[in-house]
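Analysis of the macromolecular model
For reference, the chains in residue letters:
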Amino acid sequence: MKRNIHLVSVLVVFLMAALPLFADYQGLSVATNYPSLNVSSSDMITFDLRIKSYGLAPQRVNLSLTGLPEGWEYQFVGGGGLVNAVFTEPDSTSTVQLWVIPSDGNQEAVYSFSVHATGENGDSYSLPLTITMGRQLPQRLALDTDLPTIKGDPKSDFTFNVTLRNNSANETLIDLYADVPQGFYATFKEQYGSKTINTLSLGAGSSRSVQVTVTPSAGVSEGAYPITVTARSLGAEASLPVMLEVQGQATLTLSGAGGILSSSAVAGKEKVLDLELKNTGTANAQHIELSSYTPSNWTISYNPAVVEELPAGETVTVKATLKPSSEALNGDYSLTLRANSKNAGNVSEQFRITVRTSSIWGIVSIVIIALAAVLLVFAVKKFGRR
């Protein structure tokens, strides 16, 4: 432990002693972020240079280049024009570009040369540079998405975005494909566009977001469906697996027994209707409440009034006890029966009820008419003689 502390102390003392050496440096420097480049063609090559003065008086600094291969050309460019020198002030940096134009027909090889900065006061600095010809980044594509799993119902489209990257040195023409289950189909669009695309051009090192829409086949069942999105160019390929989770959906229908939507009833008397509540979807329907909209002074009740769960593909019979108003006249009446589910929405059907009055009221009507006739005859006999 003591030995480690001693070594750290020695290192700290050394660094503190060396720090003034760096701080006291006076002179010029020439720097660039990438002094050695690999290139694949004879196009112009650019170096971004920084010429800095450390503790020197303001001066003109001349620029030159030595060791360039025969037939190659170069230029120093600054401020939008050709330059041969820069002006430096104390502890300031001047920037300039070096353009190197190789000759045609260069073979794969390493070429070295140097940039020189020479001040009026005799200060100078040289920066060696290297260019390796004939090397090229391999073409690479990449696909990525934030949603590797997409959930939805069987009647909706599955839409998600993928990011396509061209990790290559050149602009690339890329084709888009999607491997989907039978009956499904996929389309590609630019993220903020409406035009369908299957091919796009992507610059070197750039990326683009593409919107993918997958439409499931009609009547697809609940389950997980894997798809694969592929980007392919002449020299590279990238694939991205995505999982579509088709979730079941409950669908309700409501009708009379055997699908009949009509019945008859007697005014003022109860009538029991057999209703068929069916789930034609692919998921269980939850908490189904039955309700109705009836003419004035009619009543209706259900047994059961609530169906807590109706499995997919099954039917339940509901007893609806209907009582038309006692004042209802003979004729056809319309009422609406509803079934509202927690996860399947609601369904409603119009029922036609033919109402007839009670036979007792018919007899009473005949008696009243007969009495009226008797009274009329009596009145004629009594008052007719006068």
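The structure we're discussing is the one just above.
These lines cover the structure that appears in this document, whether it is placed above or below. (Residues numbered from 1 in each chain as written. Predicted model: local features only at pLDDT ≥ 70, side-chain atom pairs only at ≥ 80, totals over all residues. Heavy atoms only, no water.)

Before going further, it helps to examine the overall build of the protein chain. Secondary structure assignment for the protein chain yields 2 helices and 28 strands. Counting every position in the protein chain, which comprises 386 residues, the buried fraction comes to 32%. Sequence separation of at least 24 residues holds for 69% of the intrachain contacts in the protein chain that already meet a minimum separation of 6. Counting only carbon and sulfur atoms, one obtains 53% of the accessible surface of the protein chain, whose full area is about 23300 Å². (Helix = DSSP H or I, 4+ residues; strand = E, 2+ residues; numbered from the N terminus. Buried < 20%, exposed > 50% of the residue type's maximum accessible area, 1.4 Å probe, protein only. Contact = heavy atoms within 4.5 Å. Areas by Shrake-Rupley, 256 points an atom, 1.4 Å probe, with all protein chains shown as cover.)

On to the pairing of strand β8 (residues 93–101). Burial along β8 is one-sided: the face carrying Ser94, Val96, Leu98 and Val100 is buried and the face carrying Thr93, Thr95, Gln97, Trp99 and Ile101 is not. When strand β3 (residues 45–54) meets β8, the two strands line up antiparallel, connected through 8 bridges. Bridge pairing in β8 places phenylalanine 47 opposite leucine 98. (Pairing = 2+ DSSP bridges.)

Our focus in this paragraph is the pairing of strand β1 (residues 27–31). The buried fraction of β1 amounts to 4 of the 5 residues, a majority that puts the element mostly inside the structure. With 5 bridges connecting them, β1 and β3 associate as antiparallel partners. Looking at the pairing, serine 29 lines up with lysine 52 of β3.

Let's shift gears to the pattern of salt bridges. Counting across every chain of the model gives 4 salt bridges. When the shortest N-O distance is used, the salt bridge between glutamate 190 and arginine 208 registers 3.8 Å. One end of the pair, glutamate 190, is in strand β15 (residues 185–190); the other, arginine 208, is in strand β17 (residues 207–215), with 18 residues separating them in the sequence. Using a relative accessible area of 36% as the deciding quantity, one classes glutamate 190 as partly exposed. Salt-bridge contacts for aspartate 332 lead to arginine 352; the nearest nitrogen and oxygen are separated by 3.9 Å. With aspartate 332 in strand β27 (residues 331–341) and arginine 352 in strand β28 (residues 345–356), the pair connects residues that are 20 residues apart, well separated along the chain. (Salt bridge = Lys/Arg side-chain N within 4 Å of Asp/Glu carboxyl O.)

What follows covers the side chain of serine 53. Among the structural elements, serine 53 can be located in strand β3. Those residues in contact with serine 53, other than ones at most four positions away along the chain, are Gly27, Leu28, Thr88, Glu89, Pro90, Asp91 and Ser92.

This model, assessed by the stated rule, comprises 5 aromatic pairs. Geometrically, the ring pair formed by phenylalanine 47 and phenylalanine 113 is edge-to-face, given 6.3 Å between the ring centres and 80° between the ring planes. A residue pair is termed long-range when its members are at least 10 positions apart, and phenylalanine 47 in strand β3 and phenylalanine 113 in strand β9 (residues 110–119) qualify at 66 residues. Phenylalanine 47 gets classed as buried once you look at its relative accessible area, which sits at 1%. Phenylalanine 113 sits in the buried class, given a relative accessible area of 3%. Seen in terms of ring centroids, phenylalanine 184 and tyrosine 225 are 5.3 Å apart; in terms of plane orientation they differ by 40°. Their pairing is tilted. Residue phenylalanine 184 is found in the loop between β14 (172–179) and β15, and its partner tyrosine 225 is found in strand β18 (residues 223–232); the two are separated by 41 residues along the sequence. (Phe/Tyr/Trp six-rings, centres within 6.5 Å; stacked < 30°, edge-to-face > 60°.)

Before going further, it helps to spend a moment on the sheet that holds β15. Read from one edge to the other, the open sheet built from 4 strands follows the order β11-β13-β17-β15, with strand pairing classed as antiparallel. Either end of the sheet is taken by a strand with one partner, and the two such strands are β11 (141–144) and β15. Taking the axes of each pair of neighbouring strands and ignoring which way they run, one obtains an average angle of 30° across the sheet. Bridge analysis of β11 against strand β13 (residues 158–166) gives 4 bridges, and the strand direction is antiparallel. Note on β13: the bridge partner recorded for leucine 143 is leucine 164. (Axes fitted to C-alpha atoms, helices over the stretch in contact; angles between N-to-C directions.)

Once that is clear, we can look at unusual backbone geometry. Cis rather than trans, the peptide bond between asparagine 303 and proline 304 has omega equal to 0°. Checked against the element boundaries, proline 304 lands in the loop between β24 (299–303) and β25 (306–310). Positive phi is not limited to glycine here, since aspartate 91 has a value of about 55°. Relative to the assigned elements, aspartate 91 resides in the loop between β7 (85–88) and β8.

Below, the discussion takes up the sheet that holds strand β26 (residues 315–323). Read across the open sheet, the 4 strands follow the order β20-β22-β26-β24; overall the sheet is antiparallel. Sheet topology places β20 (252–256) and β24 at the edges, where each strand pairs with a single neighbour. Pairwise comparison of adjacent strand axes, ignoring direction, gives a mean angle of 25° for this sheet. Sheet topology note: the β24/β26 ladder contains 5 bridges and is antiparallel. The residue of β26 that forms the bridge with isoleucine 300 is leucine 322.

Counting through the fold element by element, glycine 203 comes out in the loop between β16 (199–202) and β17. In this structure, the C-alpha to C-alpha distance between glycine 203 and leucine 173, residues 30 residues apart in sequence, is 8.9 Å. For glycine 203, the residues in contact, after removing those within four places along its chain, are Asn166, Asn170 and Glu171.

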